[in-house]
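# Coordinate analysis (summary)
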2 protein chains.
Amino acid sequence: MARKTGSHGNITGPKVQAAALHLIARHGFAAVSMRQIAHEVGVQAGALYRYTPDKQTLLFDLMRGHMDALLTARAAVARDDSGAVAPLIRLDEFVRFHIRFHLERPDAVFVSYMELRNLTPENFAALEAQRSDYENQLEVILRSGVAAGEFGLADTKITTLAIIAMLTGLTTWYREDGRLPLMQIEQIYTGLVRGAVSVS
Amino acid sequence: MARKTGSHGNITGPKVQAAALHLIARHGFAAVSMRQIAHEVGVQAGALYRYTPDKQTLLFDLMRGHMDALLTARAAVARDDSGAVAPLIRLDEFVRFHIRFHLERPDAVFVSYMELRNLTPENFAALEAQRSDYENQLEVILRSGVAAGEFGLADTKITTLAIIAMLTGLTTWYREDGRLPLMQIEQIYTGLVRGAVSVS
DNA sequence: GTCTATATTGAGATAGAC
DNA sequence: GTCTATCTCAATATAGAC
């Protein structure tokens, strides 16, 4: 029952992250000032430094948080696929997972892709390792499909990158109140991906 | 024979554009200062304002120049397709054109995609119109293929965006000295696209 | 056509009061 | 835990000499 009034640390921290993510997604990391972020949170600029040592770390924490969430969520889905699930089913599953996860957090996706340039080399390398880990999970599916003779692919590595680019591109134009409901969009994309990997 | 020594206007102008494109692609528009651009050109910052009224216009000119070049180059290719060329052939042609054009100018592609946020609303609208024009050319091909019964597509609009995202994604990882030669990469991508639009 | 110098503004980050 | 105040530095853009 301790820790009552006057202690906002557990609420301001997340608000700083949310405000930073929101503003950086819209204007870019370099274009957003600590003062702007503070204003959106409702505090003065100096107060932000209780929650991050500097602006660069704030950016990295956002991006690392996004990649951690991606890999964790993916692991929860992929866990059920141990063993006898057919490659085509696992491919559909991956496509749906990728679309859902990315459409649910467009700001984080945008920032994680656009602001890689603004990371220090070490921070960049850490995120690249996570991204590579994720991509590799799709490539494993493609390879198993090729091995089973169910997929017809010229190159699993390039096809992996091509599919992920295609799926992630969805985030640049998708609107919740758009022409088609999400489930139908998912079906269209699974169809496109199935076609791309089919034996011709 | 007039206009000799002391007149560098016709050379410094392009150098400013080239330096700006190069630096903005690497660090982002907001992160690059006019001083940095001037330094790369080999002049002082004040001199840049002989070639652009302000930083915003410099960015817009780069992006508009890229889109103009894209539409002009595309028109030169598409001109030969009046009439009896089969949809599948025109689709292959579009894929190869898109890949070649984009891989030849990675900096301009990167800037034109990443810095849309930093444009004024009017400048943004002007570029969006051009982008829409380009995308529409692919959609026309897809529609003609559907009409001829040669393509099996759930939705030409979404498929257009999906294909373009897939192709443009190539620019993020392609290296001239990479594992595969460009011609082979083009073949892989035409194969992927053919599969995606094929009747299943 | 480019320079130097400068006006003006705002950035990231820190110190110390409360 | 947040505030005010401030240090230090660098940004865009302009003016006027050469």
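What comes next concerns the included structure. (Residues numbered from 1 in each chain as written. Chains lettered and ligands numbered in written order. Predicted model: local features only at pLDDT ≥ 70, side-chain atom pairs only at ≥ 80, totals over all residues. Heavy atoms only, no water.)

## Here's the deal with the overall build of chain A
- When helices and strands are counted, chain A shows 8 helices and 0 strands.
- Counting from the amino terminus, chain A carries its helices and strands in the arrangement α-α-α-α-α-α-α-α.
- Residues counted as buried form 44% of the 200 residues belonging to chain A.
- Excluding contacts between residues fewer than 6 apart, the proportion of contacts in chain A whose partners are at least 24 apart in sequence is 71%.
- Split by element, the accessible area of chain A, about 10200 Å² in all, is 55% carbon and sulfur.
- Across chain A, the 21 positively charged side chains and the 21 negatively charged ones have centroids separated by 6 Å. (Helix = DSSP H or I, 4+ residues; strand = E, 2+ residues; numbered from the N terminus. Buried < 20%, exposed > 50% of the residue type's maximum accessible area, 1.4 Å probe, protein only. Contact = heavy atoms within 4.5 Å. Areas by Shrake-Rupley, 256 points an atom, 1.4 Å probe, with all protein chains shown as cover. Lys, Arg positive; Asp, Glu negative; His and termini not counted. Charge placed at Lys NZ, Arg CZ, Asp CG, Glu CD.)

## With respect to the interface of chain B and chain A
- Of the residues lining the interface, 33 residues belong to chain B; the matching set on chain A comes to 33 residues.
- Summing the contributions of chain B and of chain A, the shared interface buries around 2700 Å²; its carbon and sulfur component is 68%.
- Taken as a group, Arg117(B), Ile158(B) and Leu192(B) account for 25% of the area that chain B buries against chain A, more than any other trio of residues on that side.
- Applying the counting rule to chain B against chain A returns 8 residue pairs in polar contact (both at pLDDT 80 or more).
- Elements with a minimum of two residues in the side of chain B that touches chain A: α1 (9-27), α5 (106-114), α7 (156-169) and α8 (182-197) of chain B.
- In terms of residues, the side of chain B that touches chain A owes the most to one element, α7(B), which gives 8 residues. (Buried area = accessible area lost by both parts, 1.4 Å probe. Polar contact = N/O pair within 3.5 Å; in protein donor to acceptor, adjacent residues only side chain to side chain.)

## Here's the deal with the protein's contact with DNA strand D
- The environment of DNA strand D is formed by 18 residues, the closest being Gln44(A), Arg50(A), Tyr51(A), Met34(B) and Arg35(B).
- Looking at DNA strand D alone, sugar and phosphate atoms form 69% of those within 4 Å of the protein.
- At 2.5 Å, a backbone N or O of Gln44(A) approaches a phosphate oxygen of DNA strand D.
- Take Met34(B): an N or O atom from its main chain is 2.9 Å from a phosphate oxygen of DNA strand D.
- For the surface near DNA strand D, the class distribution of residues is 6 nonpolar, 7 polar and 5 charged. (Near = heavy atom within 4 Å. Nonpolar A, V, L, I, M, F, W, Y, C, P; charged D, E, K, R; others polar.)

## A few points about the side chain of His102(B)
- Secondary-structure assignment places His102(B) in helix α4 (residues 87-104).
- Setting aside residues up to four positions removed in sequence, His102(B) forms contacts with Leu70(B), Val109(B), Tyr134(B), Thr168(B) and Thr171(B).

## Quick look at the pattern of salt bridges
- Throughout the structure, instances matching the rule amount to 22 salt bridges over all chains.
- The salt bridge involving Asp61(A) is made with Arg64(A); its shortest N-O contact spans 3.1 Å. Here Asp61(A) pairs with Arg64(A), and both are found in helix α3 (residues 55-78), just 3 residues apart, close to one helical turn.
- Overall, the relative accessible area of 24% leaves Asp61(A) in the partly exposed class.
- The exposure class assigned to Arg64(A) is partly exposed, which follows from its relative accessible area of 36%.
- The closest approach of N and O atoms between Glu186(B) and Arg100(B), which form a salt bridge, is 2.4 Å. Placement of the pair is Glu186(B) in helix α8 and Arg100(B) in helix α4, with a sequence separation of 86 residues.
- Exposure remark for Arg100(B): the relative accessible area of 37% places this residue in the partly exposed category.
- Overlapping salt bridges, with partners in common, bring together Glu128(A), Arg131(A) and Glu135(A) in one network. (Salt bridge = Lys/Arg side-chain N within 4 Å of Asp/Glu carboxyl O.)

## So, the packing of aromatic side chains
- The full count for this structure, using the stated rule, is 6 aromatic pairs over all chains.
- Joined through ring pairs, the aromatic side chains of Phe94(A), Phe97(A), Phe101(A) and Tyr134(A) make up one cluster.
- The ring of Phe97(B) has Arg74(B) sitting right over it, with the charged end atom 5.8 Å from the ring centre. (Phe/Tyr/Trp six-rings, centres within 6.5 Å; stacked < 30°, edge-to-face > 60°. Lys NZ or Arg CZ within 6 Å of the ring centre and 35° of its normal.)

## Thoughts on the environment of Pro87(B)
All names here are of chain B.
- Counting through the fold element by element, Pro 87 comes out in helix α4.
- For the pair Pro 87 and Val 146, spaced 59 residues apart in the sequence, the C-alpha separation amounts to 8.9 Å.
- Not counting residues within four places of it along the chain, the set of residues in contact with Pro 87 comprises Ile 141, Ser 144, Gly 145, Glu 150 and Phe 151.

## As for the relation of the copies chain B and chain A
- Note on the copies: chain B fits chain A at an RMSD of 0.0 Å, the axial shift is 0.0 Å, and the rotation between them is 180°. Both copies of the chain, as the preceding transformation shows, are related through a two-fold rotation axis.
- Of the residues that chain B buries at the interface, 100% are likewise interface residues in chain A, meaning the two copies contact each other through the same surface. (Least-squares fit on C-alpha atoms with pLDDT ≥ 70 in both.)

All quantities given are derived from atomic positions and should not be read as evidence of function.
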